[in-house]
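Take a look at the letters that make up each chain.
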Amino acid sequence: MSKVHPAAENKCQTLLLKNHDDHNHLAHERPSVLTVWKRSSMSFQGTDGFTVFDNHGRLTFRVDNYSRKNSCVKGGLVLMDGAGKPLLTLKPQVFSIQYQWNAYRGSEEGNTSSQRSTKVFSMRSKSLFFQNTDKNAEAEVFFERAHDQKVTDPKPDFRIEGCFWKRNCKIRNRIGEVVANIARKKVNDRVLLGDDVFSLVVQPGFDAQLIMSFVIILDRICGKPYAPVLCS
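These figures come from a predicted structure and were not determined experimentally.

## Topic: the overall build of the protein chain
In step 1: In terms of helices and strands, the protein chain carries 3 helices and 12 strands.
In step 2: Counting across all 232 residues of the protein chain, residues that qualify as buried make up 44%.
In step 3: Of the contacts made within the protein chain by residues no fewer than 6 positions apart, 38% connect residues no fewer than 24 positions apart.

So this is what it looks like as structure tokens:
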């Protein structure tokens, strides 16, 4: 029996989710353990991005050279592989009453209106005007479906539980399985690194690039906890 996410029947999702025909082979696979560094691989001052390494120290994903000062995020945030190939473009929803970002395949740079990239999913976070279907969810993910595959069930395809800014999150699929965990990076049993370096563990059968795109959007839509300034 294959372990394939139910939403993989959609063509957009089929290319993102791993399809394993041999259940025994899947059972013996190990989770993908990634180290996420909240810094662009480009060393220019003022850049704001991500650099992601696998457990062998190899550069796996990166997001280069974008700045939070640019509120419009022109062109979107581009998730690339280690060699710089665009995988997904992530863009905020314009004129939305909720915190929503959309993901598109590849890079939209240079595309004309007739070459518009395929939308893959939308991620929504709770706001003053919008509540998620699950009140305990930090954010929810809904895959884009063809018109003839629209479903009336508002249940999200993925939901993120916990607190992203504390680096303590679980990502669950539609049927409640934990497919990935976000946690503080440990040097040893006593030492934790700062919150700009954290671990992302992706379970076998689920695409790390998809999960990493969730992390990038979470960094944008999840508000940082208020920390009062104490006066001496």
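## As for the pattern of salt bridges
If the charged atoms of two oppositely charged side chains come close together, the side chains can form a pair.
In step 1: Tallied over the full model, the rule gives 8 salt bridges.
In step 2: Asp 157 is the partner of Arg 174 in a salt bridge, and the nearest nitrogen-oxygen pair spans 3.7 Å. Of the two residues, Arg 174 is situated in the loop between strand S10 (168-173) and strand S11 (178-184) and Asp 157 in the loop between strand S8 (137-143) and strand S9 (158-163); the sequence distance between them amounts to 17 residues. When sorted by exposure, Arg 174 lands in the same class as Asp 157, which is buried.
In step 3: In this structure, the salt-bridge partner of Glu 161 is Arg 172, at a minimum N-O distance of 2.9 Å. Here the residue Glu 161 occupies a position in strand S9, and Arg 172 occupies one in strand S10, the gap between them amounting to 11 residues. Neither Glu 161 nor Arg 172 differs from the other in exposure class; each is buried.
In step 4: One continuous salt-bridge network, built from bridges that share partners, spans Arg 145, Asp 157 and Arg 174.

## Things to note about the confidence of the model for the protein chain
In step 1: Averaged over every residue, the pLDDT of the protein chain is 77; residues scoring 70 or more account for 63%.
In step 2: Contacts for the low-pLDDT stretch residues 226-232, under 50 throughout, to residues beyond four places or in other chains number 0 contacts.

## Some points on the nonpolar core
In step 1: In terms of nonpolar packing, the biggest core is built from 43 residues, with Phe 121, Met 123, Leu 200, Met 212 and Phe 214 touching the most fellow members.
In step 2: Considering every element that reaches this core, the biggest residue donor is helix H3 (residues 208-221), with 10 residues.
In step 3: Residues within four places of Met 212 in sequence aside, it is in contact with Val 36, Phe 50, Val 52, Phe 61, Leu 79 and Leu 200.

## Examining the pairing of S8
In step 1: Among the 7 residues that make up S8, 7 are buried, leaving the element largely enclosed by the rest of the structure.
In step 2: Alignment of strand S7 (residues 119-125) against S8, held across 5 bridges, turns out to be antiparallel. Residue pairing in the sheet places Arg 124 in a bridge with Glu 140 of S8.
In step 3: Here 4 bridges tie S8 to S9, and the two strands are oriented antiparallel to one another. Bridge pairing links Val 141 to Phe 158 in S9.

## A few points about the side chain of Asn 173
In step 1: One can find Asn 173 in strand S10.
In step 2: Polar side-chain contacts of Asn 173 include one of 2.8 Å to the side chain of Glu 177.

## Details of the environment of Gly 49
In step 1: Within the fold, Gly 49 resides in strand S2 (residues 48-53).
In step 2: Gly 49 gets classed as buried once you look at its relative accessible area, which sits at 0%.
In step 3: Once the C-alpha coordinates of Gly 49 and Ile 216 are considered, the two residues, 167 residues apart in sequence, prove to be 8.7 Å apart.

## A few points about the pairing of strand S12 (residues 197-202)
A regular strand carries its side chains on alternate faces of the sheet.
In step 1: With respect to burial, S12 is a largely interior element, 5 of its 6 residues being buried.
In step 2: Both S11 and S12 contribute to a ladder of 5 bridges, which runs antiparallel. Counted as the bridge partner of Asn 181 is Val 201 from S12.

## Some words on the packing of aromatic side chains
Working definition: an aromatic ring pair is given by the centre-to-centre distance plus the angle between the planes.
In step 1: Tallied over the full model, the rule gives 5 aromatic pairs.
In step 2: Ring centres 5.9 Å apart and planes at 70 degrees place the aromatic pair Phe 164 and Trp 165 in the edge-to-face group. The two residues Phe 164 and Trp 165 agree in class, both being buried.
In step 3: Counting every residue linked through ring pairs, the aromatic cluster contains Phe 121, Phe 143, Phe 158 and Phe 214.
In step 4: Directly above the aromatic system of Phe 50 lies the positively charged group of Lys 38, at a separation of 4.9 Å from the ring centroid.

Cut-offs applied
Residues numbered from 1 in each chain as written. Predicted model: local features only at pLDDT ≥ 70, side-chain atom pairs only at ≥ 80, totals over all residues. Heavy atoms only, no water. Helix = DSSP H or I, 4+ residues; strand = E, 2+ residues; numbered from the N terminus. Buried < 20%, exposed > 50% of the residue type's maximum accessible area, 1.4 Å probe, protein only. Contact = heavy atoms within 4.5 Å. Salt bridge = Lys/Arg side-chain N within 4 Å of Asp/Glu carboxyl O. pLDDT = per-residue confidence, 0-100. Core = buried A, V, L, I, M, F, W, Y, C linked by side-chain atoms within 4.5 Å. Pairing = 2+ DSSP bridges. Polar contact = N/O pair within 3.5 Å; in protein donor to acceptor, adjacent residues only side chain to side chain. Phe/Tyr/Trp six-rings, centres within 6.5 Å; stacked < 30°, edge-to-face > 60°. Lys NZ or Arg CZ within 6 Å of the ring centre and 35° of its normal.

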